[in-house]
Amino acid sequence: MKRFKAIIALTAVLAMTCTTAVMAAPSPTAGVVTVVVPGKGGAEAAQVTSPTVKELTALAGFISENAATLGMVPSVKTAIDIVAPAGYKGGDVPTIFAVAGLKDGVKNVFAYIRLKNGKTIIVPCTVKNGYVGFMAPAFGTVAIVELNTASVAMPAFGQPQAVPATLH
């Protein structure tokens, strides 16, 4: 069982590293994360960096275990590290960024936020026009994850597969 969990974690890490580099955002502002800092007027861009392998491994392990306890199959869409903007002193921050591969209005998308102290927070997301929005209670390594039931994620063997009419 321990080896199985390790394989799941490794698979999730590899998926996150590959999808982060390959996915193209549907916006001309791809790579920009917009936040609204409490007490400041207007939205501003937050600094975004690539997560380290150590952060990705820890986050992937948490996502795998959490999804397994729920009986769901995770699909990691992207993973980034968001650095708190200047003047941030804590509190919920509306956060929005472009993520490809999600349909408008889906309810099974969550932001897994790994804080610098090792604690992980799960926040529900809203998806609209290629953008994912959520209220971030803190900043750190963020993975956008779509959770599906096993039957949706992996259709039964021999079942016909629907071909999407469009790419997005």
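Residues numbered from 1 in each chain as written. Predicted model: local features only at pLDDT ≥ 70, side-chain atom pairs only at ≥ 80, totals over all residues. Heavy atoms only, no water.

Novice: Honestly, the sheet that holds strand β4 (residues 93–98) in this entry has me stumped. Any pointers?
Specialist: Two strands in a sheet stick together by hydrogen bonds in their backbones, pointing the same way (parallel) or opposite ways (antiparallel). If you trace the 9 strands from one edge of the open sheet to the other, you get β6-β5-β9-β3-β2-β1-β4-β8-β7, paired in antiparallel fashion. The two strands at the open ends of the sheet, each matched to only one other strand, are β6 (120–124) and β7 (126–128). Between one strand axis and the next, the sheet turns through 30° on average, direction left out of account. (Pairing = 2+ DSSP bridges. Helix = DSSP H or I, 4+ residues; strand = E, 2+ residues; numbered from the N terminus. Axes fitted to C-alpha atoms, helices over the stretch in contact; angles between N-to-C directions.)

Novice: What is the right way to look at unusual backbone geometry in this model?
Specialist: Both trends apply: most residues other than glycine have a negative phi, and most peptide bonds are in trans. The backbone phi angle of Asn129 is positive, close to 50°, even though this residue is not glycine. Examined against the element boundaries, Asn129 turns out to sit in the loop between β7 and β8 (131–136). Judged by its relative accessible area of 54%, Asn129 is exposed. (Buried < 20%, exposed > 50% of the residue type's maximum accessible area, 1.4 Å probe, protein only.)

Novice: It is not clear to me how the packing of aromatic side chains should be interpreted in this structure. Could you clarify?
Specialist: Describing an aromatic ring pair means giving the distance of the ring centres and the angle of the ring planes. Scanning the entire structure with this criterion turns up 2 aromatic pairs. A centroid spacing of 6.1 Å and a plane angle of 70° characterise the contact between Phe62 and Tyr112, whose relative ring orientation is edge-to-face. With Phe62 in helix α2 (residues 53–70) and Tyr112 in strand β5 (residues 109–114), this residue pair connects regions lying 50 residues apart in the sequence. A ring pair is formed by Phe97 and Phe134, whose centres lie 6.3 Å apart and whose planes are at 80°; its orientation type is edge-to-face. On the criterion of sequence distance, the pair formed by Phe97 in strand β4 and Phe134 in strand β8 is long-range, its members being 37 residues apart. Residue class for Phe97 comes out buried when judged on its relative accessible area of 5%. (Phe/Tyr/Trp six-rings, centres within 6.5 Å; stacked < 30°, edge-to-face > 60°.)

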